[in-house]
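Read off the chains here:
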Amino acid sequence: MTGRLEGRIAIVSGAGCVGPGWGNGRAMAVRFAEEGAKIFATDINEDAMAETVERVKAAGGQIETMQCDATDRASVEGMVDACIKHYGGVDILVNNVGGSAKGGPVQMDEETWERQIKSNLTSVYLSCRCVLPHMAAQKRGAIVNMASTSGIRWTGAAQSAYAATKAGVIQFGRVVAVEYAPQNVRVNTIIPGQLHTPLVEVRLAGQRAGGDVEQLLADRLARIPLGFMGDGRDTANAALFLASDEARWITGTEIVIDGGMSVRCD
Ligand SMILES: NC(=O)c1ccc[n+]([C@@H]2O[C@H](COP(=O)([O-])OP(=O)(O)OC[C@H]3O[C@@H](n4cnc5c(N)ncnc54)[C@H](O)[C@@H]3O)[C@@H](O)[C@H]2O)c1
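Figured I'd write up the structure that's included with this text. Each chain carries its own residue numbering, running from 1 in the direction its sequence is written. For this predicted model, a pLDDT threshold of at least 70 governs which residues receive local features, and a threshold of 80 or more governs which side-chain atom pairs are given and counted, while totals over whole chains, interfaces and linings are taken from all residues.

**A short note on the environment of aspartate 81**
The line we're drawing: A helix here means a DSSP run of H or I that spans at least four residues, while a strand means a run of E at least two residues long, and both kinds are numbered starting from the N terminus. Put plainly, a residue is buried at 20 or more neighbouring C-beta atoms within 10 Å of its own, exposed at 12 or fewer, and partly exposed in between, counting only other residues' C-beta atoms, which are placed from the backbone.
Its place among the elements puts aspartate 81 in helix 3 (residues 73-87). Look at aspartate 81 and you get exposed, because 12 C-beta atoms sit within 10 Å. In this structure, the C-alpha to C-alpha distance between aspartate 81 and valine 256, residues 175 residues apart in sequence, is 32 Å.

What follows is the structure in structure tokens.
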């Protein structure tokens, strides 16, 4: 531990994972704790956070968990209040909840479209709505939102709602960053590419490759100039930088973490 977030209080949403291993939320909670942050981990599925808690404690970190539905206003308000009551404030907010649904506008039913908007975009709005007044009052805060390369490029499959909502997350972050810059609240966005997280085995293979995990991994790897797959720890290292004082003059922008995939056009 080098104390890059020493004493900072960090809410991480979606801090569990669909399976064992390095999902993004879990990796960010653990990496931030390794650097001295006190973690307030939230997830709609309390059980999904068990491994996160274990790993944070193994790293000598501090963590409190709370079940919270990031798409429900009352649930998010209660969660932010609970964090402030427990730790005395909130310095860092990571909006990590989200996920893709397959299909272009013709294949996708309206319910799925609406669910995608709630999960990927409304969740970001709701937590910002609750946390920003506290950060503005203390004149310090760092918000890190999770987008995806699907929000800036075609990435191999029709996922129109996912693409549209993740593009929305990027622009939402930019305008909130300018609005809250006078209060020293920074807002930045992580844009991960096609990582190898547990999501690939648990959900994506069924969506994209008829359940053939090896095929899907090979397809994803073939797009990556660096020639190897990243995972949640790569996301976490970038998020750590953006959340820390090292990024004190960085706001309203994005870091793409994709092994070079989005630059390629061959
Ligand atoms: N895995 C990838 O390859 C990849 C690539 C680009 C972007 N992302 C983005 O990273 C984020 C997390 O991805 P991951 O792969 O770690 O996912 P994951 O599904 O493994 O973990 C997400 C967690 O969020 C929780 N969750 C889902 N809905 C929730 C809700 N309404 N309220 C609270 N918690 C909820 C789940 O229970 C789960 O524990 C998402 O925003 C995703 O779009 C992932």
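**Examining the sheet that holds strand 3 (residues 62-67)**
Defined as follows: Strands are treated as partners if at least two bridges between them are detected by DSSP. Note on geometry: axes are C-alpha line fits, over the in-contact stretch for helices, and angles between N-to-C directions span 0 to 180 degrees. Two residues qualify as being in contact provided that their C-beta atoms, derived from the backbone, are within 7 Å of each other.
Taken in spatial order, the seven strands make up an open sheet running 3-2-1-4-5-6-7, and their pairing is parallel. Two strands in the sheet have a free side with no partner beyond their single neighbour: strand 3 and strand 7 (254-257). Across the sheet, the axes of successive neighbouring strands diverge by a mean angle of 15°, strand direction being ignored. Sheet contacts for helix 4 (residues 110-138): strand 1 (9-13), strand 4 (92-95), strand 5 (141-146) and strand 6 (185-192); angle to strand 4, the most-contacted strand, approximately 175°.

**Remarks on the packing of helix 1 (residues 24-34) against helix 8 (residues 232-243)**
Keep this limit in mind: Small angles under 35 degrees read as roughly parallel and large ones over 145 as roughly antiparallel, with 65 to 115 read as roughly perpendicular and the rest as oblique. Throughout, a crossing is termed right-handed when the near helix is turned clockwise from the far one, and left-handed when it is turned anticlockwise from it by less than a right angle. Put simply, Ala, Val, Leu, Ile, Met, Phe, Trp, Tyr, Cys and Pro go in the nonpolar bin, Asp, Glu, Lys and Arg in the charged bin, and everything else, Gly too, in the polar bin.
Close contact between helix 1 and helix 8 brings their axes to 8 Å; oriented N to C, the two are set at 50°. The orientation of helix 1 with respect to helix 8, classified from their angle, is oblique. As for the relative orientation of helix 1 and helix 8, their crossing is right-handed in sense. On the side of helix 1, the interface is formed by Asn24, Arg26, Ala27, Met28, Arg31 and Phe32, while helix 8 contributes Gly232, Arg233, Thr235, Ala236, Asn237, Ala239, Leu240 and Ala243. Its residues placed into classes, the contact of helix 1 with helix 8 shows seven nonpolar, four polar and three charged.

**Brief notes about the site of the ligand**
Our working rule: Here is the check we use: build the C-beta atom from the backbone, and if it is within 6 Å of the molecule or strand, call the residue near.
Taken together, 30 residues sit near the ligand, with Gly14, Gly16, Gly23, Ala70 and Gly98 positioned nearest. Those elements that place two or more of their residues in the shell around the ligand are helix 1 and helix 6 (198-208). Its residues assigned to classes, the shell around the ligand comprises twelve nonpolar, 16 polar and two charged.

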